[in-house]
Amino acid sequence: MNKKIRKIGIITGGGDCSGLNAVINGITKAAVNKYGLEVVGFTRGYSGLYKNDYRPLGLRSVSGIMHEGGTILKSSNKDNLFNLPFEQPDGSVIYKDVSDEAVKNLKYLGVDALIVIGGDGTLTSARDFSRKGIPVIGVPKTIDNDLPSTDVTFGYNTSLETITDALDKIHTTAFSHDRVMVVEVMGRNSGWLALEGGLAGSADVILIPEIPYDLTSVVEKIRQRDAFGRNFSIVVVSEGAKPKDGKQHIREIIKDSADSIRLGGIGQVITDQLQELVPEHEVRHTNLAYIQRGGVTSQFDRALGLLFGVNAVDLLMSGGSGRMVQLRGRKITSVPLEEVVGSGEVGETSRGGGKTVDPEGQYVQAAKAIGICFGDSSNLDE
Ligand code: F6P
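The shown structure was predicted, so the numbers you read here are calculated from the model rather than taken from an experiment.

Participant: Can you help me understand unusual backbone geometry in this one?
Facilitator: Glycine aside, residues mostly have negative phi, and peptide bonds are mostly found in the trans state. Of note in the backbone geometry, asparagine 52 takes a positive phi value of approximately 55° without being a glycine. When you line up the elements, asparagine 52 lands in the loop between helix 2 (46–51) and strand 3 (54–57).

Participant: Looking at this structure, I do not really get the pairing of strand 15 (residues 331–336). What am I missing?
Facilitator: Looking along a regular strand, one sees the side chains alternate between the two faces of the sheet. Across six bridges, the pairing between strand 14 (residues 323–328) and strand 15 is antiparallel. Pairing of valine 325 across the sheet is with serine 334, part of strand 15. Where strand 14 folds back on strand 15, the antiparallel hairpin that results is connected by two residues, among which glycine 329 adopts a positive phi of roughly 65°.

Participant: Can you help me understand the side chain of serine 233 in this one?
Facilitator: In this fold, serine 233 is placed in strand 10 (residues 233–238). Only 3.2 Å separates the side chain of serine 233 from the side chain of arginine 225, close enough to count as a polar contact. If we skip the residues at most four places from it in the chain, serine 233 touches Arg179, Val180, Met181, Asp204, Ile222 and Arg225.

Participant: What should I look at first to understand the pairing of strand 6 (residues 113–118) in this one?
Facilitator: In terms of burial, strand 6 is a largely internal element, six of the six residues being buried. What you see with strand 6 is no split at all: Ala113, Ile115 and Ile117 on one side and Leu114, Val116 and Gly118 on the other are buried throughout. In terms of strand pairing, strand 1 (residues 7–12) meets strand 6 through five bridges, oriented parallel. Bridged to isoleucine 10 within strand 6 is isoleucine 115. Handedness of the crossover is the feature at issue here: the chain leaves strand 6, passes through helix 4 (residues 120–131), returns alongside strand 7 (residues 136–140), and the resulting connection is right-handed.

Participant: Looking at this model, I keep getting lost on the packing of helix 7 (residues 215–227) against helix 8 (residues 266–277). Mind explaining?
Facilitator: Any two packed helices are characterised by how steeply their axes cross, that is the angle between the axes, and by the distance between the axes. Packing of helix 7 against helix 8 leaves a shortest axis separation of 11 Å and a crossing angle of 60°. One element, helix 7, and the other, helix 8, form an angle in the oblique class. Crossing angle aside, the handedness with which helix 7 passes helix 8 is right-handed. For the pair helix 7 and helix 8, contact is made by Leu215, Val218, Val219, Ile222 and Arg223 and by Ile270, Gln273, Leu274 and Leu277, respectively. Considering only residue class, the contact of helix 7 with helix 8 consists of seven nonpolar, one polar and one charged.

Participant: Help me understand the packing of helix 6 (residues 192–200) against helix 11 (residues 362–369), please; the structure alone is not making it clear to me.
Facilitator: Taken N-terminus to C-terminus, the directions of helix 6 and helix 11 make an angle of 40°; their axes are 11 Å apart at the nearest point. Relative to helix 11, helix 6 is oriented oblique. Seen from above, helix 6 lies across helix 11 with left-handed handedness. Here helix 6 contributes Trp192, Leu195, Glu196 and Leu199 to the contact with helix 11, which in turn contributes Tyr363, Val364 and Ala367. Of the residues that constitute the contact of helix 6 with helix 11, the class distribution is six nonpolar, no polar and one charged.

How each quantity is defined
- Residues numbered from 1 in each chain as written.
- Predicted model: local features only at pLDDT ≥ 70, side-chain atom pairs only at ≥ 80, totals over all residues.
- Heavy atoms only, no water.
- Helix = DSSP H or I, 4+ residues; strand = E, 2+ residues; numbered from the N terminus.
- Pairing = 2+ DSSP bridges.
- Polar contact = N/O pair within 3.5 Å; in protein donor to acceptor, adjacent residues only side chain to side chain.
- Contact = heavy atoms within 4.5 Å.
- Buried < 20%, exposed > 50% of the residue type's maximum accessible area, 1.4 Å probe, protein only.
- Right-handed = clockwise from strand over helix to strand, strands pointing away.
- Axes fitted to C-alpha atoms, helices over the stretch in contact; angles between N-to-C directions.
- Parallel < 35°, antiparallel > 145°, perpendicular 65-115°, else oblique.
- Left-handed = near helix turned anticlockwise from the far one by under 90°.
- Nonpolar A, V, L, I, M, F, W, Y, C, P; charged D, E, K, R; others polar.

Here it is as C-alpha cells:
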C-alpha cells in the first residue's frame, strides 16, 4: 500500500454523461472504507484545480447519487491548464501553461494524488500532470465510446438506452403517418451510438462517419420498403456523418475548448434533401441532442462506473500512476495513459475519434445482412 497517499482529489472533466456519479461514489467509498483516505472533489473539471474550488467528499455526500445522471462535481470541457487561453485588453488571446499553479494548490491542500474521470482531452491533461510527478489515475468516460484501450466507456450504455427508447417512440408515429423520420444522434467522429442504437431501435438506414453516404442509395432503400408495403422509414444519422466527396457538418467552433469543433446539424440537411428526393413522403427530423447525455443511469453503467472507481483507488494505492483503468472482456485492468491519448507534447490535446467503427467489422456486416442501408452501395432486401 502506498502510505504516502493520505488525501486524494477527484476531477470530472469534458462533456458529462450518466455514470459519473457512480464512479464518484465508488472512489469515495473505497478510499474511505478500505484505505481510510480523505477525499475532495474539484469543481467544474480542471477549473476547480486552478481556482482552488473544491468540496470535501465523504460517505454521506456520495450517498444516494449512484443512479443520477450528470456529476455532483459539475464539469467543464474548456480548461486545459497546460494551454489556457487568456483574453487580452485588445481582444487578442494568449495561451499560458498554468499547471504549476494547480500543483501549488494541490500541495497547499495536502492532496497527494488525483483520480481524473474524462474523455481524451481530460485524460491528456491527466497524462501531463502525471509527467509533473503527481500520482494520477484516469477513468474513461464518454457517451461516444470513442476512447481506445477500453472495450467500452461508461455513459455509452445509458445513451444507447435513450436512443433505443426514442426510436421505438418514433417508429409508431412514423408508421401512422407513412413518414420518413431522420434522427440525428451524437458521437463525434465515431459512429458507435448511431450503429448500436440504430440496430437496437430497428433503423432502416444508418449513416455513420466511417462510411461516407450517397443519398441515392438511401432513396432506393426507402422505395424498396414502400414496394414491400412498409410505407415508412427510419434513418439514423450520426452527427459526424458525411456525404461521399463532402465534408462533416460543423455546428460551432468553441474557441476556448481543447477540441474546438462541435459537429451537428447534418440531420436537418439530410431531411431537407430527402424531402426533395422522395416528395411522396413527408420527411421529419428529430435531433436527440443532449437528452443522450442525461437520464437515470443504466444498470450496466452503474456497475461499470462503480468498478472503475473502486479499481482506480486500488491502482493508486498499489503504486500505480499515469495509467487508466480499462474494461477488457469482463475484467478491469489498466493501461498507460500514453497508450490511450498518445505521447505528444505537454498541452497538446489529442483530437477525439480514436476508436471508430470498422466498416468491414461484424456489427456493420450483420446490419447489412438484415437489410440495413449504410448509404454506400446497393441495398439488400429485408
Ligand atoms: O463527447 C460527448 C459529446 O456529447 C459529443 O457526442 C458531442 O459532439 C459533444 O460532446 C457536444 O459537446 P458540447 O457539450 O460542448 O456541446
